[in-house]
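If you want the building blocks of each chain, they are given just below.
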Amino acid sequence: MAADGDREQQDALLELLNTTPVVNGVVQDQLADPEAAEAWQRAHGGSGTADEHRHLVRARDALQDVVRGSRPATSLAPVLEGVTSRPQVSSAGVSWDLDARKERLMAVQAVMTWSALQKATPGRLRPCANPDCRRFLLDRSKTNKARWCSMAVCGNRMKARRHYQRTRDGAAE
């Protein structure tokens, strides 16, 4: 089970990946507007600067492609270039602190969270099964069979399409 901090980082990664939804058939970029991007960054622990935004969008776009399988994980290397991780030992054990320039930290944390998910729960972070959707889901179910970013939206749409197709195919016979 993920610690609370891990869960928050996972949720932040999922929210970042889902900042380019399809609305009324058109891809929207929720980080395209500078004011909206600054608010999003600040809400997720960032500084809201233009430099931070540039690194974050680059990381988001690369991560989306990697999770969709259209680019290899090695395409994330530029996001991590020059980043180091230093051990910190306390009575609780060993933790690792990322050493990256402040404007790159959100992007680096997103990639590191993706990497941790891949190791701990491979295949659970994935694109929605609706081909018209650009959102992602993190399947935390025991069965690992979730297919939709939202059952209420994409799940129902896909079920309705299958029903319509079966009904139409049955009528054609």
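Residues numbered from 1 in each chain as written. Predicted model: local features only at pLDDT ≥ 70, side-chain atom pairs only at ≥ 80, totals over all residues. Heavy atoms only, no water.

The protein chain is annotated in an unreviewed UniProt entry as CGNR zinc finger domain-containing protein of Streptomyces sp. 900116325.

### Concerning the pattern of salt bridges
The full count for this structure, using the stated rule, is 9 salt bridges. Between Asp51 and Arg54 there is a salt bridge, with the nearest N and O atoms lying 2.9 Å from each other. One end of the pair is Asp51 and the other is Arg54, both in helix H3 (residues 50-68) and 3 residues apart, which spans about a single turn. You can call Asp51 partly exposed: its relative accessible area is 36%. By relative accessible area, which is 42% here, Arg54 ends up partly exposed. Between Arg126 and Asp139 there is a salt bridge, and its shortest N-O distance comes to 2.6 Å. With a gap of 13 residues between them, Arg126 in strand S5 (residues 125-127) and Asp139 in the loop between strand S6 (136-138) and helix H6 (151-172) connect regions that are remote in the sequence. Summarising the burial analysis for this pair, Arg126 and Asp139 share the class buried. Within the structure, one salt-bridge network assembled from shared partners comprises Asp29, Arg60 and Asp61. (Salt bridge = Lys/Arg side-chain N within 4 Å of Asp/Glu carboxyl O. Helix = DSSP H or I, 4+ residues; strand = E, 2+ residues; numbered from the N terminus. Buried < 20%, exposed > 50% of the residue type's maximum accessible area, 1.4 Å probe, protein only.)

### Some thoughts on unusual backbone geometry
Look at Asn24: it is not a glycine, yet its phi comes out positive at around 55 degrees. On the accessibility criterion, Asn24 (79% relative accessible area) is exposed. Phi is positive for Asn144, which is not a glycine, with a value near 55 degrees. As for its placement among the helices and strands, Asn144 is situated in the loop between S6 and H6.

### Examining the side chain of Thr113
Position of Thr113 relative to the elements: it lies in helix H5 (residues 105-120). Not counting residues within four places of it along the chain, the set of residues in contact with Thr113 comprises Gln9, Gln10 and Leu13. (Contact = heavy atoms within 4.5 Å.)

### Points about the environment of Leu105
Mapped onto the elements of the fold, Leu105 is located in helix H5. Overall, the relative accessible area of 28% leaves Leu105 in the partly exposed class. With 53 residues separating them in the primary sequence, Leu105 and Glu52 have C-alpha atoms 7.9 Å apart. Beyond its immediate sequence surroundings of up to four residues, Leu105 is in contact with Leu98 and Ala100.

### Concerning the environment of Arg135
Counting through the fold element by element, Arg135 comes out in the loop between S5 and S6. We classify Arg135 as partly exposed; its relative accessible area is 31%. A sequence separation of 121 residues divides Arg135 from Leu14, and the C-alpha atoms of the two residues are 8.8 Å apart. Apart from the residues within four sequence positions on either side, Arg135 is in contact with Asn18, Pro21, Pro127, Cys128 and Cys149.

### Observations regarding the packing of H3 against H5
Relative orientation and spacing of two packed helices are given, respectively, by the angle between their axes and the distance between those axes. Here H3 crosses H5 at 20 degrees, and the two axes come no closer than 8 Å. In this view, H3 runs roughly parallel relative to H5, as classed from their interaxial angle. Packed against H3, whose contacting residues are Glu52, His55, Leu56, Ala59, Leu63, Val66 and Val67, the element H5 presents Met106, Ala107, Ala110, Val111 and Trp114 at the interface. Per-class residue counts for the contact of H3 with H5 are 10 nonpolar, 1 polar and 1 charged. (Axes fitted to C-alpha atoms, helices over the stretch in contact; angles between N-to-C directions. Parallel < 35°, antiparallel > 145°, perpendicular 65-115°, else oblique. Nonpolar A, V, L, I, M, F, W, Y, C, P; charged D, E, K, R; others polar.)

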